[in-house]
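Here is how the chains run, residue by residue.
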Amino acid sequence: MDAKQDESAAKLQSVRSLKALMMTNSPLSNTNLYDHLTLLLMKVMDEHPHDAVDVIEDISQDVKLTFSEEKQNFLRDFPSTTAAELLAEKQRLLFSRPEEDEQEEQLMETLYPNVREVGFYLEQAGVGLGREEMQRIFLALKQLVESQALLGCRLWGKILGTESSYIVAEAQYIEGEEEEEKNAEEVAEKEEEREAQAKENEMYPLPQSTYKPPPAVPKEALGTGANKFVYYVCKEPGHSWVKLPSVSPAQITVARLIYKFFTGRLDHQIVSYPPFPGNEANYLRAQIARISAGTQVSPKGFFRIREEEGDEEDEVVQDSSEVNPDFEGIPVFEMASLSTWVHHIQYILQQGRCTWVNLAGKTGEDSNEEGEAEEKEEPDEPEPEVGPRLLDPLSKDSEMFNVPSWSSMVSSTLTFQHAVAVQRSNRWPGAYAYACGKKFENIYVGWGLKYAGEGYSPPVPPLPQKEYASDRKEIAEALDPSLEEEQELKEALDEQRAVQEEMEDIDDEDDED
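Residues numbered from 1 in each chain as written. Predicted model: local features only at pLDDT ≥ 70, side-chain atom pairs only at ≥ 80, totals over all residues. Heavy atoms only, no water.

K.L.:
A description of the overall build of the protein chain should follow, citing residues and the corresponding values.
P.N.:
Along its length, the protein chain carries 13 helices and 12 strands. For the protein chain, the proportion of its 513 residues judged to be buried stands at 29%. When contacts within the protein chain are restricted to residue pairs at least 6 apart in sequence, those whose partners lie at least 24 apart make up 63%. On the protein chain, roughly 36500 Å² of surface is accessible, and the fraction owed to carbon and sulfur atoms is 52%. (Helix = DSSP H or I, 4+ residues; strand = E, 2+ residues; numbered from the N terminus. Buried < 20%, exposed > 50% of the residue type's maximum accessible area, 1.4 Å probe, protein only. Contact = heavy atoms within 4.5 Å. Areas by Shrake-Rupley, 256 points an atom, 1.4 Å probe, with all protein chains shown as cover.)

K.L.:
So what's going on with the pattern of salt bridges? Which residues, and what values?
P.N.:
Using the criterion set out here, one finds 11 salt bridges in the structure. One salt bridge in this structure joins E170 and R154, with 3.1 Å as the shortest N-O distance. Of this pair, E170 sits in strand β2 (residues 166-172) while R154 sits in strand β1 (residues 153-159); the two residues are 16 residues apart in sequence, bridging distant segments of the chain. In this pair, the class of E170 matches that of R154, namely buried. R304 is paired through a salt bridge with E322; the nearest N and O atoms lie 3.1 Å apart. Taken together, the residues span a long stretch of sequence, with R304 in strand β6 (residues 303-305) and E322 in strand β7 (residues 321-323) at a distance of 18 residues. Owing to a relative accessible area of 25%, E322 belongs among the partly exposed residues under this scheme. Salt bridges linked by common partners bring R154, E170 and E441 together as one network. (Salt bridge = Lys/Arg side-chain N within 4 Å of Asp/Glu carboxyl O.)

K.L.:
Account for a negative patch on the surface, naming residues and giving values.
P.N.:
Together, E501, E502, E504, D505, D507, D508, E509 and D510 make up a region of like negative charge exposed at the surface. Following the sequence through the fold, E504 ends up in helix α13 (residues 483-512). (Patch = residues over 30% accessible without salt bridge, like charges linked within 9 Å, V, L, I, M, F, W, Y side chains within 5 Å. Lys, Arg positive; Asp, Glu negative; His and termini not counted. Charge placed at Lys NZ, Arg CZ, Asp CG, Glu CD.)

K.L.:
A description of the pairing of β2 should follow, citing residues and the corresponding values.
P.N.:
Burial analysis of β2 places 6 of its 7 residues in the buried class, which makes it a mostly covered element. The pairing of β1 with β2 spans 6 bridges and is classified as antiparallel. What sits directly across from G157, in β2, is V168. Hairpin geometry of β1 and β2 is characterised by an intervening segment of 6 residues between the two adjacent antiparallel strands. In this structure, β2 lies alongside strand β3 (residues 229-234), joined through 6 bridges in antiparallel fashion. Note on β3: the bridge partner recorded for Q172 is F229. (Pairing = 2+ DSSP bridges.)

K.L.:
Give me the side chain of E220: which residues, what numbers.
P.N.:
Of note, E220 is situated in the loop between α8 (183-200) and β3. For E220, which is buried and forms no salt bridge, the nearest opposite charge comes from R353, at a distance of 4.5 Å. A polar atom in the side chain of E220 sits 3.0 Å from the backbone nitrogen of C354. At a separation of 3.4 Å, a polar atom in the side chain of E220 contacts the main-chain amide nitrogen of T355. The residues touching E220, leaving out its near neighbours within four places in the chain, are G225, A226, N227, R353, C354 and T355. (Polar contact = N/O pair within 3.5 Å; in protein donor to acceptor, adjacent residues only side chain to side chain.)

K.L.:
Mind laying out a nonpolar patch on the surface, listing which residues take part and the relevant values?
P.N.:
Taken together, the side chains of L41, M42 and M45 make up a nonpolar region of the molecular surface, amounting to roughly 320 Å² of accessible area. Among the structural elements, M42 can be located in helix α2 (residues 33-47). Given the relative accessible area of 41%, M42 is considered partly exposed.

K.L.:
Tell me what's going on with the sheet that holds strand β11 (residues 431-436), and back it up with residues and numbers.
P.N.:
Here 8 strands make up an open sheet; going across it, the order is β4-β3-β2-β1-β12-β11-β10-β9 and the pairing mixed. In this open sheet, the two strands that pair with only one neighbour each are β4 (242-243) and β9 (406-410). Two elements, β1 and strand β12 (residues 439-446), share 3 bridges in a ladder whose sense is parallel. Bridge assignment links I159 to a residue of β12, and that residue is G446.

Pasting the structure below:
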């Protein structure tokens with residue numbers, strides 16, 4: 001009896017352990033085999049399938065899909081708030097009115113751009129951004145003027161990008177405004193690191209390079225030249241405005257050599273050859289300066305050269321203009337000619353500046369420090385670079401790839417008294433200018449790239465620099481001698497050796513005597 005009881009107790013213990021094993025939940029499906037078999041048998045008893053043993057695997061799969069706690073979902077989760085709703089929530093603030101009346105009086109004194117009127121004339125010209133978007137941009141410019149306390153602001157245009165676009169606003173420079181730049185701090189930190197490394201390497205000094213880079217072209221001051229205006233950008237009306245940094249001549253020079261689309265991210269690094277000194281914000285600012293210098297035009301007589309006091313009689317500086325109060329407007333049928341339109345923004349020279357600067361003095365100072373200026377002759381002064389004059393007519397613009405720089409049109413040839421004269425730039429596709437009576441405006445809507453002809457080919461990299469000078473004899477390669485020349489040389493050396501031995505023998509005999 002005791003043996004049978006022990007055997008039954010062992011069987012009972014094994015059944016309990018097996019049941020516990022079957023009731024262990026799986027970490028993937030959060031179910032156990034015991035419950036699954038229970039549900040499987042209940043389904044077989046309910047449905048009475050024919051040949052259940054043949055379809056038991058399919059029934060087991062159906063049980064898993066039907067009674068599993070976590071069902072697989074092949075659809076994307078619908079977001080609670082879409083991107084359009086988030087943008088609408090931000091743009092809702094543009095339509096809110098200021099609570100204080102004093103603020104409204106101050107806003108009336110600022111020069112607000114009449115974007116709706118500009119949009120109407122652009123529609124007559126066949127270009128623009130649409131009435132709804134122009135209305136939102138007008139409210140966004142109003143918000144910009146309020147937040148930055150600007151004296152004047154206008155819609156410069158819209159530059160398209162692969163991920164998002166840039167709405168560009170042009171504002172007047174306020175004197176005394178300081179620009180926060182980290183370039184000087186970064187240069188100082190790099191110099192300190194170099195000094196520290198030099199101190200560490202005093203025991204084993206490294207060879208120093210004797211190459212001296214050419215002097216850098218100085219940046220134009222804020223409020224002058226390519227930095228005459230300040231530019232703000234945003235991706236959509238209602239988003240925060242970002243102030244672009246000032247542009248340097250090096251950035252303009254490299255921007256002329258590369259051809260890159262914008263991404264819509266200001267911190268995006270520009271990967272190009274030659275390397276661009278900056279990120280997409282700097283590249284965007286350089287392209288804005290180039291487009292403004294080439295496409296900002298106005299009716300002839302609207303601006304006049306500003307007369308600056310203190311200029312010498314021999315040197316006439318024409319670097320700024322002012323509004324002509326005596327301008328009375330030009331008829332529309334005459335505005336269809338290129339001779340009635342002029343450039344009112346300074347041309348950017350090959351140096352990357354609007355005003356030429358002499359860099360020969362800087363190179364001379366370096367040579368004086370080395371004490372070489374007294375020995376060498378003074379170099380000839382370079383000729384100042386001169387570009388097109390301010391307020392030159394568009395008829396003087398040269399062709400590019402056998403394509404004229406501008407195309408003229410009139411919105412209506414039937415009623416000139418209500419028509420609008422339009423100029424479209426072929427050099428910078430997307431740049432337009434219109435004139436109607438005493439009113440005119442410029443706008444740019446495009447990819448921010450210059451016309452490159454039928455196909456763009458990147459510049460070829462320069463030839464590698466020579467490692468050694470070609471006139472050094474010790475490194476010049478010589479031709480291998482022939483067998484006859486080697487034999488002649490060997491015989492000559494043997495004769496010289498024999499003569500030398502005879503002379504030594506004669507000297508020894510004289511010493512013995």
